[in-house]
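Here is what each chain is made of, one letter per residue.
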Amino acid sequence: MLTILFYIAIAAEAMTAALAAGRRKMDWFGVCLLACVTALGGGTIRDLFLGHYPLYWVKNPYILLLVCGAALATIALAQVVDRLRWTFLLLDALGLVVFTIIGCNIAIEMGTHPLIVLVAGMVTGIFGGILRDVLCNDVPLVFSSELYATVSIVTGAVYYFGLLAGLDANLVVILALAVGFPLRVVALIKKWEMPKFVYDKDLR
Amino acid sequence: MLTILFYIAIAAEAMTAALAAGRRKMDWFGVCLLACVTALGGGTIRDLFLGHYPLYWVKNPYILLLVCGAALATIALAQVVDRLRWTFLLLDALGLVVFTIIGCNIAIEMGTHPLIVLVAGMVTGIFGGILRDVLCNDVPLVFSSELYATVSIVTGAVYYFGLLAGLDANLVVILALAVGFPLRVVALIKKWEMPKFVYDKDLR
Amino acid sequence: MLTILFYIAIAAEAMTAALAAGRRKMDWFGVCLLACVTALGGGTIRDLFLGHYPLYWVKNPYILLLVCGAALATIALAQVVDRLRWTFLLLDALGLVVFTIIGCNIAIEMGTHPLIVLVAGMVTGIFGGILRDVLCNDVPLVFSSELYATVSIVTGAVYYFGLLAGLDANLVVILALAVGFPLRVVALIKKWEMPKFVYDKDLR
């Protein structure tokens, strides 16, 4: 089940990246590249940090075709996309939670410290979007928007402590999804945000 | 022969990076650093992705001196450089094709999937320029300019399928150069571009 | 001693990053993430370049808590921070020198070429700040500000040649600190800068 959700999440991230590319008037190649960076970047950085070789898309390169296919489909479907705003936001929320669970899982399999498990989940969940924003020349949204990384940390904690408590692995996945996904959706609806730190003096 | 072309390409990338640094009024150190990132960044990211250690410039550090030398020479020669516009564009085109071939070659030696061979070539060819543009605070040119990544993919495909067909390795290198280099030059002259994806609604 | 200085330097980098985050009105999470990237990014990139696994913060994850703690403390203390301008600049200078020494040391232990030892020191010292500036959507300061990378290279050279000359390891650390730290401080006071390269024609 997680594998199916993973592919849906990858495709969803690719599609949101394609729309960001369209707003920067990129060409079709740029759309595909930005989609790859966004959809696969978080997992790639996690694998680099953990020394987890081969990288998952090097091992299973057909995932690149899925990403490029989803990105190009978005170009074709751009006209209907505005009617799908909430579909995208829901798929993106799903992607965040699924990526987090998968990232935590890989760190757990490698036997890392619990803190690193949470970091691995968060890096997998949010660094693709950070890379997308850097390439689009924006300050990453995740630094100042609605609860996003927090959702990833909560999801990771539920997953980790669920496994630690000896619960069935499938049940723990469902539990983590059932906590993380609604939390992100409610944060979107209610516009929950972390407190901001505003500092306007220049030390230099 | 490929080794000589490789050093020429490295120096050419370093020089174009130095000019970009000059447009941002960087100091001499910034010029050298941007040159290193541009000339060596693509190959570095490829090596990180493939887990191909030691990195090629760690193994052969004199390449760093070549890059910094070429960058500093550009400062001295800045006055004559505008007369050399086409020399630079040609050297840059050569660099793209040579980097691609070398990147594909390393992936082939590591026994990766054909798709990953093409990706390794493309990453080697274009990611140095992407890093340069990110550090200069621009949206990377490669996302929207004349055929560039496409040239890399075509070159990589010629190289891979040439070797697969059992042709002599040197012949295949010449073949890949003979397809990729003119393709890029013609694209520059004719201003061939990929179709753009323009999307101006903001989903957020 | 170096370990204690290392923790002080990590905390100092985290605090300067937190102030940069505050100038961009980031939320508390963004403050912590930017602090981690700034304080740990240089060492992380060095470890990736050298294939030095596990990464130091994966091996010792409590360092993440130190960074986030220092970042959050900065939010609480923001009111008194302007009176501490020079404290920060001195701590930042200390961080640069300490990070450089530690980076050189790891490269020496791995038996790399002397040039790579200097590069490892410099990457450890300055790449955290480069990543911070990229995420804040600025052209990195280090490309055009007062002597910074130069201080790192001088410190690394003193450290490397001191060890090569067979001096006692602790003495060499003190020597490198005694050269690098005052050099940076004097450069700040006297506004010493590298010569700039200014080039205002656009080749494209």
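Residues numbered from 1 in each chain as written. Chains lettered and ligands numbered in written order. Predicted model: local features only at pLDDT ≥ 70, side-chain atom pairs only at ≥ 80, totals over all residues. Heavy atoms only, no water.

S.K.: Explanation requested: the interface of chain B and chain A in the structure shown.
M.R.: Interfaces are often sized by the amount of accessible area the parts lose when they come together. With 33 residues of chain B in contact, the opposing surface of chain A contributes 39 residues. Summing both partners gives a buried area of about 3300 Å² for chain B against chain A, and 71% of it is carried by carbon and sulfur. Here chain B is connected to chain A by 0 salt bridges. The tally of links from chain B across to chain A stands at 4 residue pairs in polar contact (both at pLDDT 80 or more). Of all elements in the fold, only helix H2 (28-50) and helix H7 (114-135) of chain B reach the threshold of two or more residues within the side of chain B that touches chain A. Among the elements that make up the side of chain B that touches chain A, the one with the highest residue count is H7(B) (8 residues). (Contact = heavy atoms within 4.5 Å. Buried area = accessible area lost by both parts, 1.4 Å probe. Salt bridge = Lys/Arg side-chain N within 4 Å of Asp/Glu carboxyl O. Polar contact = N/O pair within 3.5 Å; in protein donor to acceptor, adjacent residues only side chain to side chain. Helix = DSSP H or I, 4+ residues; strand = E, 2+ residues; numbered from the N terminus.)

S.K.: Any chance you could explain the pattern of salt bridges here in plain terms?
M.R.: Between side chains of opposite charge, a pair can form as their charged atoms come close. Residue and element names in this part refer to chain A. For the structure shown, the criterion picks out 9 salt bridges over all chains. One salt bridge connects arginine 24 with aspartate 138, and the closest N-O pair in it is separated by 2.8 Å. Here aspartate 138 lies in the loop between helix H7 (114-135) and helix H8 (149-164) and arginine 24 lies in the loop between helix H1 (2-23) and helix H2 (28-50), a separation of 114 residues in the sequence. Residue class for arginine 24 comes out partly exposed when judged on its relative accessible area of 28%. Aspartate 138 gets classed as partly exposed once you look at its relative accessible area, which sits at 30%. (Buried < 20%, exposed > 50% of the residue type's maximum accessible area, 1.4 Å probe, protein only.)

S.K.: What am I meant to see in the UniProt feature "domain: Glycine transporter" (unreviewed entry) in chain A here?
M.R.: All names here are of chain A. This chain's UniProt record puts "domain: Glycine transporter" (unreviewed entry) on residues 4-77 and 90-161. Within residues 4-77, the helical portion is 84% and the strand portion 0%, while the C-alpha atoms at the span's ends are 23 Å from each other. With 76% helix and 0% strand, the stretch residues 90-161 has end C-alpha atoms that lie 26 Å from each other. (UniProt positions renumbered as here; feature names shortened; annotations may be inferred.)

S.K.: I would appreciate a short explanation of the packing of aromatic side chains in the present structure.
M.R.: Any pair of aromatic rings gets described here by the distance separating the centres and the angle formed by the planes. All names here are of chain A. Going through the model one piece at a time under the given rule, you end up with 15 aromatic pairs over all chains. The structure contains a cluster of three or more aromatic residues connected by ring pairs, namely Phe6, Tyr7, Tyr56 and Phe99. Note that arginine 46 overlies the ring of tyrosine 56, its terminal NZ or CZ placed 5.6 Å from the centroid. (Phe/Tyr/Trp six-rings, centres within 6.5 Å; stacked < 30°, edge-to-face > 60°. Lys NZ or Arg CZ within 6 Å of the ring centre and 35° of its normal.)

S.K.: Before we go on, may I ask you to explain the relation of the copies chain A and chain C in this structure?
M.R.: There are two copies of the chain, and a rotation about an axis plus a shift along that axis relates them. Placing chain A over chain C gives an RMSD of 0.0 Å and needs a rotation angle of 120°, together with 0.0 Å of translation along the axis. Taken together, these values place the two copies in the relation of a three-fold axis. Across chain A, the smallest distance between a C-alpha and the rotation axis is recorded for A:Asn137, namely 3.8 Å. Both copies present different contact surfaces, since only 12% of the interface residues of chain A are interface residues in chain C too. (Least-squares fit on C-alpha atoms with pLDDT ≥ 70 in both.)

S.K.: Sorry, what's going on with the UniProt feature "transmembrane region" (unreviewed entry) in chain A here?
M.R.: Residue and element names in this part refer to chain A. Look at the UniProt record and you will see "transmembrane region" (unreviewed entry) annotated at residues 62-81, 88-108, 114-135, 147-165 and 171-189. Secondary structure content for residues 147-165 is 84% helix and 0% strand, and the end C-alpha separation is 27 Å. A distance of 27 Å separates the end C-alpha atoms of residues 171-189, which is 100% helix and 0% strand.

S.K.: Explanation requested: the nonpolar core in the structure shown.
M.R.: Where a protein is soluble and globular, its nonpolar side chains tend to be buried together. In terms of nonpolar packing, the biggest core is built from 231 residues, with A:Trp57, A:Ile126, B:Trp57, B:Ile126, C:Trp57 and C:Ile126 touching the most fellow members. Not counting chain neighbours up to four residues away, the residues in contact with A:Trp57 comprise A:Leu40, A:Thr44, A:Ile63, A:Leu64, B:Phe49, B:Ile116 and B:Val119. (Core = buried A, V, L, I, M, F, W, Y, C linked by side-chain atoms within 4.5 Å.)

S.K.: Looking at this structure, how should I read the side chain of C:Ser152?
M.R.: If you trace the backbone, C:Ser152 turns up in helix H8 (residues 149-164). With near-sequence residues (within four places) excluded, C:Ser152 lies in contact with C:Leu96, C:Thr100, C:Gly121 and C:Met122.

S.K.: In this structure, what is going on with the interface of chain A and chain C? I would like to understand it.
M.R.: With 33 residues of chain A in contact, the opposing surface of chain C contributes 39 residues. Taken together, the two surfaces of chain A and chain C that pack against each other cover about 3300 Å², and 71% of this comes from carbon and sulfur. Summed over the shared surface of chain A and chain C, the result is 0 salt bridges. Our enumeration of links across chain A and chain C arrives at 4 residue pairs in polar contact (both at pLDDT 80 or more). For the side of chain A that touches chain C, the secondary-structure elements that each account for two or more residues are H2 and H7 of chain A. Of the residues contributing to the side of chain A that touches chain C, the split by class is 23 nonpolar, 5 polar and 5 charged. (Nonpolar A, V, L, I, M, F, W, Y, C, P; charged D, E, K, R; others polar.)

S.K.: Help me out: how do you make sense of the packing of helix H6 (residues 85-109) of chain A against H8(A) in this one?
M.R.: Each pair of packed helices gets described by two things: the angle between the helix axes and the distance between those axes. All names here are of chain A. Orientation of H6 relative to H8, taken along the N-to-C sense of each, is 45°, at an axis distance of 9 Å. Here H6 is positioned oblique relative to H8, judged by the angle of their axes. You can see that H6 and H8 cross each other, and the crossing is right-handed. Where H6 approaches H8, its residues Leu96, Val97, Thr100, Ile101, Cys104, Asn105 and Ile108 are matched on the opposing element by Val151, Ser152, Thr155, Gly156, Tyr159, Tyr160 and Leu163. Partitioned by chemical class, the residues of the contact of H6 with H8 number 9 nonpolar, 5 polar and no charged. (Axes fitted to C-alpha atoms, helices over the stretch in contact; angles between N-to-C directions. Parallel < 35°, antiparallel > 145°, perpendicular 65-115°, else oblique. Left-handed = near helix turned anticlockwise from the far one by under 90°.)

S.K.: Got a minute to help me understand a nonpolar patch on the surface in this structure?
M.R.: Residues and elements named next belong to chain A. On the surface, Leu77, Val80 and Leu84 cluster together into a nonpolar patch covering about 210 Å² of accessible area. For leucine 84, the position within the fold is in the loop between helix H5 (78-81) and H6. Overall, the relative accessible area of 34% leaves leucine 84 in the partly exposed class. (Patch = residues over 30% accessible without salt bridge, like charges linked within 9 Å, V, L, I, M, F, W, Y side chains within 5 Å. Areas by Shrake-Rupley, 256 points an atom, 1.4 Å probe, with all protein chains shown as cover.)

S.K.: What am I meant to see in H6(A) here?
M.R.: Under the 1.5 Å per step criterion, the end-to-end length of H6(A) is 36 Å for 25 residues, consistent within 8% with the ideal 36 Å. Looking one or two residues past H6(A), A:Gly111 carries a phi angle of roughly 75°, positive in sign. (Expected span 1.5 Å × (residues − 1).)

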